[in-house]
Each structure stands twice: as C-alpha cells, then as structure tokens.
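Secondary and tertiary structure notes
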Amino acid sequence: MPDPEARRWVGKRYKRKEDLRLLIGEGKFVDDIQLPKMKHAAIIRSPYPHALIKNIDTTQAEKLPGVRGILTGQDVKEMSKPFPCGVPIPPKYYSCAVDKVRYVGEPVAVVVADSRYIAEDALDLIQVDYEPLPVVMDIEEAAEPDAPVLHDNIGSNIYSHRLMQYGEPAKAFEEADLLVKGKFLFPKYGSTPIETYAVVASYNPVNQEFVIYNNYQGPFVNHSLVALALGIPENKMRWIVPTDIGGGFGTKTGVFPYIALIALASKKTGMTVKWIEDRREHLLASATGTDRVTYMEAAVKRDGTILALKDKAMDNTGGYIRAPEPGCAYRSTGNHTGAYQIRHLDREVMVVGTNKCLTSPNRGYTCQELYFSVERLVDMVAAQLGMDPAEIRFKNFIQPDQFPYTTATGGIYDAGNYQKAFQKALDIVDYPKWRQEQEKARQQGRYIGIGIATIVDPSVTNIAYVTTALTPEQRAKGHPKSGSGESMTIKMDPLGQVHVIACTNPQGQGHETVISQIVADELGIDPDGITVSNVVDTHDRVYTITTGSYSSRFASVGTNALVNATRKLKDKLFKIAAHLLEVSPDELVLENQKFHVKDQPEKSIAVRHVAGTAHWHQTALPEGMDVGLFASSLITMPTSKPPDELDRVDSSNTYGFCCEVIVVEIDPETCEIKFHKWASMHDSGTVLNPMILEGQVMGSITHGLGGALYEEFAYDENGQCLTASFQDYLCPTSMEVPDIDIGHVETPSPFTALGSKGAGEASCESVPVAVANAIADALAPLGVVINELPLTPSKIWHLIKEAKAKQA
C-alpha cells in the first residue's frame, strides 16, 4: 500500500468529471438511444393478484393501425425457458405469465407499435379472461400447509428453508443469566431511482444474435441467466449499457426479465423494440426489497455480555423467486452477529412466496432487515439490564487488536476500530448532555429519545454465499461457486495520454472521477488528462459473472483491479525507459512526467517519449517485449471462497463500520418527529474522495430515513397494491432531511490496494433501526413497544393511545 503522504490526488476533494455533461443535458441514457425503424412496446399487466389465464383475445388490438405485433404468454412459453434460480425446486418463472398470474402488475402480453401511444391504446383492446384464485398476502400465513399454493410444482409457498448452527448455542443459552426476545417486522420498500427500467432490443435472424441496450447493473450473473432462458449461447446476446444510469441501488438488477421479454418481442415482430417503464409500472411491478418477519432471542450475562443469538427469519420474495434470491436470506451470513463478539448462533431461515410483486436487492441488501432485529434487541437487552445502550455496545464490541477478525459464521472482518468511531459520534452529539435533557423533558411530559445503531457494513459480495441456501450435502453434489472478480484495462497512446476502460457501470457514484484520481497518483500525471470509458458492452469488454456495480464493489475490488492494471503499465514504462537510458529499472525515478536516474536528474526521458517508442519505434523495445502500452487486470478477492461443511462463509470481502446517534422529539399532538441532533460516523477505510463520499453517505441516510418513517409498498387483503403512485408512496425529500454531522475514521483495509472499502450503503442499514431506537427510547416511560416500520405519525399516535389506555 503506497504511503498516503505521497498521494497528490487520492483523498482530495476533486470535483466530479461526470457532472458537466449531466448538467447540460448531454448524458447518455437508454431512452436517448434512437435506432432506425425502431418501434415501441407497452405491456398489459394483470389486475388480479392470483388468477388463471383462461384466454387472451388479441384480435381487435391487432387490427389497430400502427400495431406491429403482439407477444403473449403462450409465445413466451414456446420461445423461451424458465429462468434458473438457486433453490432446490425453482418455480417456473418466465418473463411473462404463461398459465396464471401471481401478483398485480405481472406482465401478460406485450404490444409492439409505431409509437407508445398506439401501443397503449391497443392494450385496451386486448381481452383477457381471468379466473380469480385465493390469495395469500401474509408471510407467516403463506408458510402454513393450508395456504393457497402459488406454484404447483413446488407444492408449498416455501422456496428455501435452512436450519444452521454456529458454535454451541444450546450451551450458551443454558449458561445465560437472562433471555431477551422479540418479534420484528420489516416493511417491503424500494429504491425509486429517477430513471426507471429501460430496454431496446433487436434480433438479427441472419446470425441469430440479439443486441440489447439496457440499464442493468451488470452484466453480472444475469447475462448468463437470460441467455439460458432464451435458449441461446451467451456470445449470441450482446448487452450494451450506456455511459449513464439514472440511479440503481440494487433495484436495476430486477430489469433482467424485461430484457428477455422485449428481446422476444423483437424476435417475434422482426423489429427493433424500445420499452421504457413508466412510474406506475415501476412502483407496481418492478422490484422491492424483501419484507421480513424475524423472531430473535439473545442469551445474556448480567454484566451485559451477549453470549448467543437465536433467530428465525422469514423473507417474502413475492409471486416468484428469481436471481439473486434467495440471497435475501443468506447474503449477510458473514456479518450476522454485527459488530459484536457473539460466538454462538442458532439460525432458521425461510424464504416464502406471497401474491405481492417480486424482489431484488435494495440498498443495504438484507442488512437493513438484519440490523433492525439485532440493534433493536441490543437496546431491549440494555433496558432489561438497566444499562445504557451505549455501554452495552462498548461491552460487546470486537476489539481493535482482534482484526482481521473471523466471525462465528465465517465472515473475515478486515479492519476496524469500532470504539473510536462510536466515541466520536457520542462526542459530536454530546451524549451525556442529551441524557440529562431527556430526564428534564420527561418531567415536563415531553417525548425525547436517543437512538443508537452500530453496524458492520459488508461490501464486495462473494457469490459463494448464495450456495448456503443448499445443505452441505446438496452442495457437495454440485459445482462449487465463489468469487468477486472485477476488471479494468488501461492504455497509453503514442503521445502519452491515458485512457481507462472500466466495466463498473456506475449509476451516479463518480467512478470516472475516482479512477482518474487513482491513475494520476500511480503514474504521476494530472487527472484532467485521463479519459475513462464506462460503457458496458459484453462483446468487447473483458468481464466475468461478478462484474458490475452492486454491493459497493468499486472502492474495494474495483480499485484493486485498477491499481493492478496501472502498475503493470507502469512497470512496462519503467522497463522501456531503463532500456533507453541504459540503466536498470530500479535506478529510475518517475517525477513530473519524466523518468530520470536517481541523483542524476539530467539523465532523463519524458514519459511521452517512452510511450512514443512503444508505438512508433517498436524495434527499440527490450527484446521479447510486446509492443504498445496496454494492461488489463481481472482480479478477485482472495477471501472469496466457497462455504465450508459447517455453512461458514465469508459472504463479503471487506467490512466497514457505521454508527448513528440520533436525538429526536415526538410532538405529543401530531406525533411528528423533530431531529434535535444527529451524528453519523463511518469507517470505510481510506477515503478516496471526501466530497463524493459525503454525497454517497447523505444519499444512504435519506434512503434509510424513508424506510424508517415513510416508505412501504402496502397491499390490501385482496392483494391490490395501494401505493402505485408518489401520491401514496411517500419518499423523503430535502425538506424532510435534517442537518446531520457526518464524520469519518480511516482504518485502512489490508485486503485492498489503497485500503479503501465500500461506503454508499452503510447508513441505509443503520438509520432505520437508529430512528426506531430513538422513538422507542422517547416512548419508553409509556411502555410502548417498537417492533415494526415505517413509523408514521399515524402509527405512533395509535401506539401512544394504546399504551395510555393500558396504563389507565
């Protein structure tokens, strides 16, 4: 790892290079793509949550002028296969309903027409005969034997079910002085990116090849899955992701069924087809995070030591289960015990289906749900022991000298100083002062509460974690899976200018800027002179199935690949320069874009002259050296290994730390929340660009605030979605976000080239439970139990009313 003092650009507040084109309207999104003779698609969707499709009559729609063709579920069934999924018995999930519908908004048919207006008009002329079936909306009811079954080939609504033990939980529970337990309900909510799903597909019957523009966060594994569903070799399907994506947050991974659907529409009609999802479609039927029911119990000693956890978590993936699920239940395996030294764990995991829309990763994938249970329970333990919530966390933290620390479940925490970061947050808030203020407020009948959450933020998913959905015996019969690879390519032209080719397809994270900063430091040049291409094209980019922008990968494995490729190029430059100067490479120094001999600055050669030699005077290169200046790196993390026979797996590869300390006051009349003070402290290793990092953290905080107080995809008992517009689905705006003190502690990771790791998801995992803990603390004198989100004013008002009625 290079000396931080020697860095000129990394760690500096360097302005984003991406912003100018976006501010002047020169961004390149899928909807900007205009191709010759392109037609437009609209999708007819099910109004029923569960029903047989008896008949589809497209006769009148086909007669409408401008309609070019209609794709039905029967066409989809004949032209494709169900998508694979990593569960023992996968449902038959196609890109369109083929026999019955299983959630409101499920695609039933696609109309291709000269314009979107005509296509939408044609939808009204399609007659679909449905036979409604019983619905199941509740997670726990769905798991019952007598529940309406969504998929006959499975025979129940349980997609995945595992029992796992780590350490000796039974013994720990016997030795405990106190058992504390609770039931926790986490809502179904999503990401609502500014840009919705978008696909432009064409099919060439001559070479039997698809070319598909889309805004997927990949290619990732789903390029392979779509090829399998379409029944074609992967090299016959070219995905192109433009330079710009208008937000992703995990939700964009859910676009892949529509990639297949629009590709089939193109193949059937013989035309290039564009489909841009509208906002109602997105809210109704794109993808959300999973809602979860958790029963969790802690075994505790009287001094506050948490010995063990026992939990049963039930995740709902909706009408089907699709990749990367059942990851919702297993992705956080390595960090399941959070920031604490808990060595014993008893887990029951269940993934079920209901008649709700489908799921995909949502920012902080599965960790929001996990920490809502863990951190609420830690506060409940503190309350029963009469300890301060901060004290019990200090008591159980992993110590700085224990890193790298291997958790009971197999996670390898790379680095951290949780005590230092947490203490800084407490100091910023002036924690003792607010505890005193709280006592005064309670005497006045006011509701002031202090909420704390201390969490470990995993980044760089190891794909091996998904296989823990299978038992060790089932895994032994298959092929092992592991890895987290990412690719980067760098080249220098004959005049010494640098271009980087990346496959990290960002959705606003500023990769182009940070790549330029890193390369500038490595090569001793100015970042303004570096160009970056981040267009993903599966035909000419080097990638693997883990390639993409998800799981906060860029700062860890992305920078590893970048630094590795850049140093390969740099090494070649040194060798060429040494050859031309007739010295050994270790005698040279690179300064001010010149190579010179140590202590002999007059004996030098400019970098551009070295580059020119590699391109223009190739016979002058050292014997046996390839011509040109070009280097690639496709690298994985060494900790990305398959799970062992005890289900232990390092499910991610780097682990940051985040804590929130929040002071709130609840208005006794309106039950609105006022934020008096908020400190958000982060340790994401080396900070690459403080300005970009702060933007990522603020976005993450706002996202988490939505889950805490506002956002939920709500359904009635008949399976109808009640929140399919922004009038009903409330998201926080800048007006709802309070002033927040954001701070950083830098504990460099030994597993990454620059010591950096992911940061853009952490507060999304900690904020929901920190806000919940603050509200629970404020209402503790009333005996109010907080175990579900979002905590809307209406919900808080009813909780207070019920608590006062019990006290009367």
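Residues numbered from 1 in each chain as written. Predicted model: local features only at pLDDT ≥ 70, side-chain atom pairs only at ≥ 80, totals over all residues. Heavy atoms only, no water.

Some words on a nonpolar patch on the surface
The test is simple: Patches were defined on residues exceeding 30% relative accessible area and lacking a salt bridge, with like-charge contacts within 9 Å and nonpolar side-chain contacts (Val, Leu, Ile, Met, Phe, Trp, Tyr) within 5 Å. For accessible areas, the Shrake-Rupley method is used with a probe of radius 1.4 Å. Any residue's cover is judged against the shown protein chains and nothing else. When a carboxyl oxygen of Asp or Glu is within 4 Å of a side-chain nitrogen of Lys or Arg, the pair counts as a salt bridge. We count a stretch as a helix when DSSP gives it H or I for four or more residues in a row; a strand needs E for two or more, and each element gets its number in order from the N terminus.
Nonpolar side chains collect at one region of the surface, where Leu20, Leu23 and Ile24 lie side by side and expose about 370 Å² of accessible area between them. One can find Ile24 in the loop between helix 1 (19-23) and strand 1 (39-45).

Some words on the environment of Asn215
Defined as follows: Note on exposure labels: buried denotes an accessible area under 20% of the residue type's maximum, exposed denotes more than 50%, and partly exposed covers the range between, all computed with a 1.4 Å probe on protein chains only. Polar contacts here mean pairs of N or O atoms no more than 3.5 Å apart (in protein, one a potential hydrogen donor and the other a potential acceptor; neighbouring residues in sequence count only if both atoms are side-chain atoms).
Within the secondary structure, Asn215 is located in the loop between strand 10 (209-214) and helix 7 (222-230). Exposure remark for Asn215: the relative accessible area of 0% places this residue in the buried category. Remark: the alpha-carbon pair of Asn215 and Lys252, spanning 37 residues in sequence, is separated by 7.0 Å. Within the structure, Asn215 has its side chain in polar contact with the backbone nitrogen of Ala198 (distance 3.3 Å).

Quick notes on the packing of helix 11 (residues 367-385) against helix 20 (residues 762-778)
Formally: In this description, a line fitted to the C-alpha atoms serves as the axis of each element, helices being fitted only across the stretch in contact, and the angle between N-to-C directions of two axes falls anywhere from 0 to 180 degrees. Left-handed describes a crossing whose near helix is turned anticlockwise from the far helix through less than a right angle; right-handed describes the clockwise counterpart. Here, residues are in contact when the closest pair of their heavy atoms is within 4.5 Å. When residues are sorted by character, Ala, Val, Leu, Ile, Met, Phe, Trp, Tyr, Cys and Pro go into the nonpolar class, Asp, Glu, Lys and Arg into the charged class, and all the rest, Gly among them, into the polar class.
Between helix 11 and helix 20, the least distance of the axes is 8 Å, while the angle of their chain directions is 35°. Like other packed secondary-structure pairs, helix 11 and helix 20 cross with a definite hand, here right-handed. For the pair helix 11 and helix 20, contact is made by Cys367, Gln368, Tyr371, Phe372, Glu375, Arg376 and Asp379 and by Cys764, Glu765, Pro768, Val769, Ala772, Asn773 and Ala776, respectively. Grouping the constituent residues of the contact of helix 11 with helix 20 by class yields eight nonpolar, two polar and four charged.

What about the side chain of Lys356?
Mapped onto the elements, Lys356 comes out in the loop between strand 15 (344-352) and helix 11. Setting aside its immediate chain neighbours within four residues, Lys356 contacts Arg102, Tyr103, Met137, Lys188, Asp291, Asn316, Gly318, Gly319 and Tyr715.

Digging into the sheet that holds strand 26 (residues 630-635)
Our working definition: For two strands to be treated as a pair, DSSP must find at least two bridges joining them.
Spatially, four strands are ordered 21-20-19-26 in an open sheet, and the strand pairing comes out mixed. What marks the edges here is a single partner per strand, and that holds for strand 21 (531-533) and strand 26. Mean inter-strand twist for the sheet, computed between neighbouring axes without regard to direction, equals 15°. Sheet topology places strand 19 (residues 486-492) next to strand 20 (residues 498-502); five bridges connect them, and they run antiparallel. Following the sheet pairing, Thr489 is matched in strand 20 by Ile501.

Observations regarding unusual backbone geometry
For the bond from Glu325 to Pro326, the omega torsion is 15°, close enough to zero to count as cis. Secondary-structure assignment places Pro326 in the loop between strand 14 (306-316) and helix 10 (327-330). Looking along the chain, the bond that leaves Leu789 and enters Pro790 is cis, with omega of -5°. Within the element layout of this structure, Pro790 appears in the loop between helix 20 and helix 21 (793-807). We note that Thr366 has phi near 70°; this positive angle belongs to a residue other than glycine. Its place among the elements puts Thr366 in the loop between strand 15 and helix 11. The backbone of Asp599 sits at a positive phi, close to 65°, despite the residue not being glycine. Relative to the helices and strands, Asp599 is located in the loop between strand 24 (594-597) and strand 25 (600-606).

Observations regarding the pattern of salt bridges
One side chain can pair with another of opposite charge once the charged atoms of both are near each other. The tally for this structure, following the rule as stated, stands at 38 salt bridges. Arg16 serves as the salt-bridge partner of Asp19, at 2.7 Å between the closest nitrogen and oxygen. Asp19 gets classed as partly exposed once you look at its relative accessible area, which sits at 28%. Taking relative accessible area as the criterion, Arg16 reaches 21% and is therefore assigned partly exposed. Residue Arg393 pairs with Asp379 through a salt bridge whose shortest N-O separation is 2.9 Å. Of this pair, Arg393 sits in helix 12 (residues 389-396) while Asp379 is found in helix 11, placing the two residues 14 residues apart along the sequence. Asp379 shares its class with Arg393; the two are buried.

Regarding helix 21
The line we're drawing: A helix is expected to reach a length of 1.5 Å times the quantity of its residues less one. It is the directions from the helix axis to the C-beta atoms whose arc is reported.
An ideal rise of 1.5 Å per residue puts 21 Å on 15 residues; helix 21 measures up with 21 Å between its terminal C-alpha atoms. If you check which residues of helix 21 are buried, you get Ile796, Leu799, Ile800 and Ala803. Along the long axis of helix 21, the arc covered by the buried residues comes to 95°, so they all point the same way. Turned more than 90 degrees from where helix 21 packs its buried face, Lys801 and Ala805 sit exposed. Check the buried side of helix 21 and you find it contacts strand 18 (447-461), strand 27 (652-666), strand 28 (673-683) and helix 20.

Quick word on the sheet that holds strand 27
The four strands lie next to each other as 18-27-28-29, forming an open sheet whose pairing is mixed. In the strand order of this sheet, the two ends are held by strand 18 and strand 29 (741-744), each with one partner. On average, each strand axis in the sheet is inclined to that of its neighbour by 15°, with strand direction left out of account. Relative to strand 18, helix 14 (residues 431-443) is tilted by about 140°, and along the sheet it contacts strand 18, strand 27 and strand 28.

Thoughts on the domain arrangement of the chain
One widely used convention gives an interface's size as the accessible area the parts lose upon coming together. Definition in use: Domain borders in the structure are assigned automatically or taken from a domain database. A simple way to read buried area is as the amount of 1.4 Å-probe accessible surface that goes missing from two parts once joined, with both sides added.
Split by domain assignment, the chain resolves into domain 1 (4-26 + 485-635), domain 2 (33-133 + 194-247 + 251-285) and domain 3 (166-178 + 184-189 + 288-465 + 641-807). Relative to domain 3, the C-alpha centre of domain 2 lies at a distance of 36 Å. Here domain 2 and domain 3 share an interface that buries about 2,200 Å² over both sides, 65% of which is from carbon and sulfur atoms. Viewed at the interface, domain 3 and domain 2 are joined by zero salt bridges.

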